Amino acid sequence: MSPSIGFPPPDPETCLVTSRVSRFKGGTLINEEVHDLETHERRLCDPDGYRPCRCPRCGHGILHVHCYPERHPRGELGLPPVVRIVQYVCAGVGCGATWRILPMFLARHLWRAWKTVERVVMPAGTPPAVGTLAIPPRTEQRWRTRFAASARVLVVLLAASGGVALEALASRTGLDASRAELTAAHADAARAAPGARLAALAELVHRLERGVRLM
Ligand SMILES: [Zn+2]
């Protein structure tokens, strides 16, 4: 029996619960429609492919392609070592916020595809890796620790989201749930497929409060 049974899960690291809404001019937006590399590359070829209809900071309706930053997802065969993303800049007077658009399958800050992380922390049901690309044991341990940490901040976000289904999920899950429990409950409710379960919840919490992270 786990020694933690009966106790709430430990607090998550600060980096997982820090909002970036007010501290930064611009930031990352996650596109929840793009689940695979092929769709991502098609969108990338078109300047409008990922263009937000308005600037989330000032509401201005014109954003220009600014640059194509690189992401280096490691450990997932089938993904190239370099994946370009697109960054737009707002043309609003006095704004100039820049917005990077991340396809849903790439995890923010983790240098990984979500599928790679999910295979470690939720192996049951997750599609197996094609071939093997080793993940350092210390990285795996960090992911497991984060996944076992408290989901309190995320549950509060869902409860305050204004969405009936999300509020119901929050009250069902409760404030003492771990991130693992919340992910499983959300995947169930949202019918997120194995391999896309972490990505689905991560995108949702980032959309509700930019910067807040599942992992
Ligand atoms: Zn703007």
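If you're wondering where the values come from, they're calculated on a predicted model, not measured in any experiment. (Residues numbered from 1 in each chain as written. Predicted model: local features only at pLDDT ≥ 70, side-chain atom pairs only at ≥ 80, totals over all residues. Heavy atoms only, no water.)

**Q** Account for the coordination of the zinc ion, naming residues and giving values.
**A** Every protein donor of the zinc ion is accounted for by Cys 55 (SG), Cys 58 (SG), Cys 90 (SG) and Cys 95 (SG), and the metal-donor separations fall at 2.2 to 2.4 Å. Coordination at the zinc ion is tetrahedral, judged from the four donor atoms that bind it and the angles of 101 to 114° they form at the metal. When the donor residues of the zinc ion are listed from N- to C-terminus, their spacing reads C-x2-C-x31-C-x4-C. When its relative accessible area of 2% is taken as the criterion, Cys 55 is described as buried. The exposure class assigned to Cys 58 is partly exposed, which follows from its relative accessible area of 42%. (Donors = N, O, S within 2.8 Å, 3.2 Å for Na, K, Ca; no water. Tetrahedral: all angles 85-135°; square planar, octahedral: opposite > 155°, others 65-115°. Buried < 20%, exposed > 50% of the residue type's maximum accessible area, 1.4 Å probe, protein only.)

**Q** So what's going on with the pattern of salt bridges? Which residues, and what values?
**A** As enumerated under the stated definition, the model contains eight salt bridges in all. Linking Arg 51 and Asp 48 is a salt bridge whose minimum nitrogen-to-oxygen distance equals 2.8 Å. Arg 51 gets classed as partly exposed once you look at its relative accessible area, which sits at 30%. Where Arg 152 meets Asp 176, a salt bridge forms, and the shortest distance between an N and an O atom there is 2.9 Å. Here Arg 152, found in helix α4 (residues 152–159), pairs with Asp 176, found in the loop between α5 (164–173) and α6 (179–190); they are 24 residues apart in sequence, far enough to count as distant. For Asp 176, a relative accessible area of 46% gives the class partly exposed. (Salt bridge = Lys/Arg side-chain N within 4 Å of Asp/Glu carboxyl O. Helix = DSSP H or I, 4+ residues; strand = E, 2+ residues; numbered from the N terminus.)

Worth remembering: the numbers are spatial, not functional.
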